[in-house]
Amino acid sequence: MAAYRYDYEVITQWITPGERVLDLGCGDGSLLKHLMEVRQVQGYGVENDPEKLLACVRNGVNVVQANMDEGLSDFEDGFFDHVIMSLSLQAMHNTQGILAEMLRVGHEAVVSFPNFGYWRHRQSILNGRMPVSESLPHQWFNTPNVRFFTIADFEALCEINGIAIRERLAFDEGQLVKDEANFLASVAVYRLGRN
Amino acid sequence: MIQAQSVGVVTPQTAHFATPLPLRSGGVLPSYDLVYETYGTLNAARSNAVLVCHALSGSHHVAGRYADTPDNIGWWDNLVGPGKPLDTRKFFVIGVNNLGGCYGTTGPVSINPATGKPWGAAFPFVTVEDWVDAQARLADLLGIERFAAVVGGSLGGMQALSWTLQYPERVGHAAVIASAPKLTAQNIAFNEVARQAILTDPDFHGGNYYEHGVVPARGLKLARMVGHITYLSDDSMGEKFGRSLRHGKAVYSYDVEFEIESYLRYQGDKFAGYFDANTYLLTTKALDYYDPAFAHGGNLAAALAGASADFLVVSFTTDWRFSPARSREIVYALLHNQRNVSYAEIDCAAGHDSFLLDEPHYHAVLSAWFDRIKV
């Protein structure tokens, strides 16, 4: 779980105390629990995996079972200050749909994902094998990921969909990357909005 | 973690209330009895009480068994007991038979003090809200100012929800299971078929069958058969009975041929042997009338604005009588009001009846939720 922590810290910095927060694919609820403790957020998680949902209940985190690939139609426009999707976007089929939904129900979206353009991943492909790393821990045959994209791909998609990138932080296995993020960063974290 | 146990032998108690109870229907119950059972021990702070609300055919007998009829096990015995999800080592659990019932609580079968005869058709209409009012008076009597939780499935879930609206300051947590914020037209339709079966039974006598020494057993049986169909899923019925033929082939008769016919007839006869037809009528009407959003122009979020409890909402994937979509209405209306709420949609094949089963994931969620409740 170490891979999660540094994007948690970035996300926490972007949350103002007392916000309403929705965490899509919230796992065991540890990010929400953290945000409840240090930012006193009114937080809700969305999860469709029964075991993870159970873990959220055990953690005392609000969790709503729903299939995000079917959209967020039960959530109201602009209800949340931030809608978070931490390291789950690459596991969603309807990438454009969920991004649009996040920015419909939230004033801002926070998205983090593993960068398939990371140099170690490129090297792995050059060597003829699909990348397996800290940020991409699964084998090609058992990965929950269904979309394989780079930082450059994601930013091009935001451009096409009129999504404003308000902030981006990129990391190489936990270390902040300043330059050449698409090559040197394994994970990117974005703060997104609509202009 | 100890091995889950039964609460053992239990004894129902009766509380008498001499203060008249005004009812939503305009009627008044001058005095009444509520039959109830308790499990576990009320702590010194009186902060560990959990009320379990029953559904259509349920009763105060939630857990344990009776000394004289050991086979009569409480209807939610798999949930309530030492080491069970609703753990009686931690909680003081109360089950109460609702007004209009036929298990000892004042109902149509009881003697109307004004006439000296059974209430019968004269028993006033009672609503979910009236039941909650009566339950609150029982709580007063037991010295419980605030419930740690109020819990119920189906019609019981409606009571749990209603508690959080009628007495928000008296409910810490509410579990609303396999329930709905109001019935759909289709759901009312099933109830109406059940009622017509009873009302048109020649032995019904306008509801005053007691004085004729008969019961509308055929009507009640039919009502129960219709109900049972809707409590099961197509899959579970198919799995249990399929098209199994008692004689292995068609014998061209109206006697039992398909096993599902045998099952429904058996369930219907059994039910008609112990349940009161007037109670069935009253209870299905209480179900139909329940609609907290009605007074708010149909806006459920506005109706739930006054609730302050922390909620758990649970539905079952194959429940078509109280479908997951209906539970989601409650969840998102609570979310609109920024209430603490969690929602689990349990994958279980047994339809509406799932809420009575001990499906492992379902019980794990309930265990986790009850464990978080501080008393």
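Per an unreviewed UniProt entry, the recorded name for chain B is Homoserine O-succinyltransferase, and the organism is Parazoarcus communis SWub3 = DSM 12120. As its UniProt record puts it under Function (unreviewed entry), chain B is described as follows: "Transfers a succinyl group from succinyl-CoA to L-homoserine, forming succinyl-L-homoserine." You can read under Catalytic activity (unreviewed entry) in the UniProt record for chain B the words "L-homoserine + succinyl-CoA = O-succinyl-L-homoserine + CoA".

Per an unreviewed UniProt entry, chain A goes by the name Methionine biosynthesis protein MetW and belongs to Parazoarcus communis SWub3 = DSM 12120.

A. Broad picture of the UniProt feature "domain: AB hydrolase-1" (unreviewed entry) in chain B. As recorded in UniProt, the sites labelled "domain: AB hydrolase-1" (unreviewed entry) are residues 48–355 of chain B. Along residues 48–355 of chain B one finds 35% helix and 15% strand; the C-alpha atoms at either end are 23 Å apart.

B. How the structure looks around the interface of chain B and chain A. Residue-level contacts link 19 residues of chain B with 23 residues of chain A. Surface buried jointly by chain B and chain A totals about 1,800 Å² across both partners, of which 55% is contributed by carbon and sulfur atoms. When the buried area of chain B at its contact with chain A is split by residue, Y332, L335 and Q338 of chain B rank highest and sum to 32% of it. Along the contact surface separating chain B from chain A lie zero salt bridges. Viewed at the interface, chain A and chain B are joined by 13 residue pairs in polar contact (both at pLDDT 80 or more). Sorting the residues of the side of chain B that touches chain A by element identifies helix 9 (324–336), strand 14 (341–346) and helix 10 (360–372) of chain B as the ones contributing at least two each. Per-element tally for the side of chain B that touches chain A: the top contributor is helix 10 of chain B, with six residues. Its residues placed into classes, the side of chain B that touches chain A shows ten nonpolar, five polar and four charged.

C. Spotlight on the packing of aromatic side chains. This model, assessed by the stated rule, comprises 31 aromatic pairs over all chains. Their ring planes at 20° and their centres at 5.2 Å tell us that W75 of chain B and W76 of chain B sit as a pair that is stacked. The exposure class of W75 of chain B is partly exposed, given its relative accessible area of 22%. Looking at W76 of chain B, the relative accessible area reads 0%, which means it is buried. Of the aromatic side chains, those joined through ring pairs into one cluster are Y44, F75, F79 and F80 of chain A together with Y332 of chain B. Positioned over the ring face of F271 of chain B is R224 of chain B, at 4.2 Å from the centre of the ring.

D. Highlighting the domain arrangement of chain B. All names here are of chain B. As assigned here, chain B comprises domain 1 (13–182 + 291–372) and domain 2 (187–284). Computed from C-alpha atoms alone, the centre-to-centre distance between domain 1 and domain 2 is 25 Å. Taken together, the contacts link 28 residues of domain 1 with 26 residues of domain 2. With both chains or domains summed, domain 1 and domain 2 bury close to 2,200 Å², and 61% of this area falls on carbon and sulfur atoms.

E. Main features of the pattern of salt bridges. All names here are of chain A. Inspection of every chain in the model, using the stated rule, returns 19 salt bridges over all chains. Here E101 ties to R104 by a salt bridge, and the two come within 2.7 Å at their closest N and O atoms. With E101 and R104 both in helix 4 (residues 95–105) and three residues apart, the pair spans about one turn of that helix. Exposure remark for E101: the relative accessible area of 16% places this residue in the buried category. A salt bridge links R191 to E167; the shortest N-O distance between them is 2.9 Å. Here R191 is found in strand 8 (residues 187–194), whereas its partner E167 is found in strand 6 (residues 163–172), with 24 residues between them in sequence. Since its relative accessible area comes to 18%, R191 is described here as buried.

F. The arrangement of the layout of surface pockets in detail. Residue and element names in this part refer to chain B. In this model, the largest pocket occupies a volume close to 1,100 Å³. Every residue lining the largest pocket is counted, 39 residues in all, and those nearest its centre are S57, W75, R224, D353 and L356. Contributing elements (two or more residues each) for the lining of the largest pocket: helix 4 (217–231), helix 5 (234–240) and helix 6 (259–274). For the lining of the largest pocket, the element with the most residues is helix 6, which contributes five residues. Domain assignment of the residues forming the lining of the largest pocket places at least three in each of domain 1 (13–182 + 291–372) and domain 2 (187–284).

G. Examining the UniProt feature "binding site: substrate" (unreviewed entry) in chain B more closely. Residues and elements named next belong to chain B. Per the UniProt record, the feature "binding site: substrate" (unreviewed entry) sits at R224 and D353. These annotated residues cover 130 residues of sequence, and their C-alpha atoms all fall within 13.8 Å of one another, placing them together at a single site. Put simply, the named residues that line the largest pocket are R224 and D353. Tracing the sequence through the fold places R224 in helix 4.

H. Spatial organisation of the pairing of strand 4 (residues 32–39) of chain B. All names here are of chain B. For strand 4, the tally of buried residues reaches six of eight residues, placing the bulk of the element in the interior. Both strand 1 (residues 13–17) and strand 4 contribute to a ladder of five bridges, which runs antiparallel. Across the sheet, A15 pairs through a bridge with L34, a residue of strand 4. Pairing analysis gives four bridges linking strand 4 to strand 8 (residues 92–96), with the strands arranged antiparallel. Directly across from Y39, in strand 8, lies its bridge partner V93.

I. View of the nonpolar core. If you look at the biggest cluster of nonpolar residues, it comprises 158 residues, and the most contacted ones within it are L24 and F154 of chain A together with I177 of chain B. Ignoring anything within four residues of it in the chain, the contact list for F154 of chain A reads L89, L99, V111, F113, F149, Y190 and L192 of chain A. If you look at the next biggest cluster of nonpolar residues, it comprises 15 residues, including F204, L220, A223 and A272 of chain B.

Reading the values: the criteria
- Residues numbered from 1 in each chain as written.
- Chains lettered and ligands numbered in written order.
- Predicted model: local features only at pLDDT ≥ 70, side-chain atom pairs only at ≥ 80, totals over all residues.
- Heavy atoms only, no water.
- UniProt positions renumbered as here; feature names shortened; annotations may be inferred.
- Helix = DSSP H or I, 4+ residues; strand = E, 2+ residues; numbered from the N terminus.
- Contact = heavy atoms within 4.5 Å.
- Buried area = accessible area lost by both parts, 1.4 Å probe.
- Salt bridge = Lys/Arg side-chain N within 4 Å of Asp/Glu carboxyl O.
- Polar contact = N/O pair within 3.5 Å; in protein donor to acceptor, adjacent residues only side chain to side chain.
- Nonpolar A, V, L, I, M, F, W, Y, C, P; charged D, E, K, R; others polar.
- Phe/Tyr/Trp six-rings, centres within 6.5 Å; stacked < 30°, edge-to-face > 60°.
- Buried < 20%, exposed > 50% of the residue type's maximum accessible area, 1.4 Å probe, protein only.
- Lys NZ or Arg CZ within 6 Å of the ring centre and 35° of its normal.
- Domains from an automatic or database assignment.
- 1 Å grid on protein atoms, 1.4 Å probe; cavity = no way out; pocket = protein on both sides within 12 Å on 5 of 7 lines; lining within 4 Å.
- Points joined across faces, edges and corners; volume = space filled by probe spheres on them.
- Pairing = 2+ DSSP bridges.
- Core = buried A, V, L, I, M, F, W, Y, C linked by side-chain atoms within 4.5 Å.

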